Amino acid sequence: MIDLRALREDPERLRASQRARGEDPAVADRLLELDAGRRSALSRFETLRAEQKSVGKSVSKASPEEREELLVRAKALAAEVKEADAEAGRLADELNAALARVPNLVEEGAPEGGVDDFEVLETVGTPRSFDFTPRDHLELGEMLGAIDMERGAKVSGSRFYFLTGVGARLELALLNMAMNQAVQSGFTPMIPPVLVKPETMEGTGFLGEHSDEVYHLPSDDLYLVGTSEVPLAGYHAGEILPADALPHRYIGWSPCFRREAGSYGKDTRGIIRVHQFNKVEMFVYTHPDQAHEEHKRLLAWEREMLDKLELPYRVVDIAAGDLGTSAARKYDCEAWVPTQETYRELTSTSNCTEFQARRLNTRFRDEDGKPRFAATLNGTLATTRWIVAILENHQREDGSVTVPEALRPFLGLDVLEPLSGRK
């Protein structure tokens, strides 16, 4: 939710943000109109209420002739006060509903445009040249006894899978490596709930334009999260944090669930686009003035993980129209996938500024003791999808896979070997 006071002072900032996103800039004028109407109605209510109290006090002191007239006026005022209160409430509800639909203000410098208008900031490493025809991650996973899509579909349907044997060990090693790096960097480890209330899901901005991606349990009115960002954002909802406690850095490990609505026919092979996966997610509460620099730190921690795993990747600055509701700026790291001859997203880090904190009422006490809304940020440190890049980039001709050196202490293996008879 954007700041109404800031909107009044500089409506052009919201207009520019909307244009960058490819959305209607006139929303700024509609919000200002509703805000002015609400404040006018509230002022009328307060004026009438004050007159009502004054008339009420005068009745007992009035003469019999005056009292009758005052009682008539008091009755009329009661109806007017009730009407003015209802009008102020109606306009406040309308304003809040309109505000809830407005995405965060785009950070200055973010590329304009849609999903294909990202800017490549840096390319790291050189895609490997194979002297054999590389296998894709699913073929490798089946040879290693690591991925079983057929039985995943049998048990749960399309886009579900089993990680088996060394596949399960590989994911646990990867996620433990990510957790270990984050803890060493000062993050508090968290295993959050993955079912959340509507107000938590709404507060993080996931029930807007992407609500069709979210699994809902109507009988319980709970939502399955698509990222531990959601419960971690709700962790301090309604609280006032001491200023010296910032930044609060959490690292969450959770299963994640996404309906993948609208992705029919896309990435149907393997585990690139699935309904359930595991993820280690960084989440930070910080001072708004420190959010930009904190965002850079989150990106650096993501890159550190990718470097350790010896993966070629590129860093992209996501265009405004592809940011989603809550983000003001987002950077993705995309790893090279040899068999697709392209880069695919492995990490994403977003600066959500004060947007989520306003919706969830998460504040801190500034140096002057006054409460202010915190800034929130998030960033991926490892997910199931990383297995795709590890297997394909580190494969050998016989179907075995060299384990990156940094991952070996967590996995206990130097090489993943195909099962007998599967070479």
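All values reported here derive from a predicted model rather than from experimental measurement. (Residues numbered from 1 in each chain as written. Predicted model: local features only at pLDDT ≥ 70, side-chain atom pairs only at ≥ 80, totals over all residues. Heavy atoms only, no water.)

Segmentation of the chain into domains returns domain 1 (4-101) and domain 2 (119-416). Taking the mean C-alpha position of each, domain 1 and domain 2 sit 44 Å from one another. Counting residues at the interface gives four residues for domain 1, matched by eight residues for domain 2. When the two sides are added together, the surface that domain 1 and domain 2 hide from each other amounts to roughly 420 Å², 34% of it contributed by carbon and sulfur. When residues of domain 1 are sorted by the area they lose upon contact with domain 2, A20, R21 and A100 head the list and together hold 87% of the total. Where domain 1 packs against domain 2, one counts zero salt bridges. Counting every contact that joins domain 1 to domain 2 gives three residue pairs in polar contact (both at pLDDT 80 or more). (Domains from an automatic or database assignment. Contact = heavy atoms within 4.5 Å. Buried area = accessible area lost by both parts, 1.4 Å probe. Salt bridge = Lys/Arg side-chain N within 4 Å of Asp/Glu carboxyl O. Polar contact = N/O pair within 3.5 Å; in protein donor to acceptor, adjacent residues only side chain to side chain.)

Further remarks concern the sheet that holds strand 14 (residues 363-365). In spatial order, the strands read 8-14-15; together these three strands make up an open sheet with mixed pairing. Among the strands making up the open sheet, the edge pair consists of strand 8 (240-241) and strand 15 (371-373). Bridging between strand 14 and strand 15 involves three bridges; their strand directions are antiparallel. Bridge pairing links R365 to P371 in strand 15. (Pairing = 2+ DSSP bridges. Helix = DSSP H or I, 4+ residues; strand = E, 2+ residues; numbered from the N terminus.)

Further remarks concern the environment of G203. With respect to the element layout, G203 can be found in helix 8 (residues 198-203). Since its relative accessible area comes to 3%, G203 is described here as buried. Distance in space between the C-alpha atoms of G203 and S219 is 21 Å, their sequence separation being 16 residues. Filtering out sequence-adjacent residues up to four positions away, G203 remains in contact with Q356, R359 and L360. (Buried < 20%, exposed > 50% of the residue type's maximum accessible area, 1.4 Å probe, protein only.)

With that out of the way, let us pick up the packing of aromatic side chains. Following the criterion strictly, the structure yields six aromatic pairs and no others. An angle of 80° between the planes, with centres 5.1 Å apart, marks the rings of F187 and W301 as edge-to-face. Here F187 is found in the loop between helix 7 (166-184) and strand 4 (188-190), whereas its partner W301 is found in helix 10 (residues 291-308), with 114 residues between them in sequence. On the accessibility criterion, F187 (4% relative accessible area) is buried. By relative accessible area, which is 13% here, W301 ends up buried. On the numbers, 5.1 Å between centres and 70° between planes, the contact of W336 with Y343 is edge-to-face. One exposure class covers both W336 and Y343, and it is buried. Cluster of aromatic residues (ring-pair linked, three or more members): Y235, Y250, F283 and Y285. (Phe/Tyr/Trp six-rings, centres within 6.5 Å; stacked < 30°, edge-to-face > 60°.)

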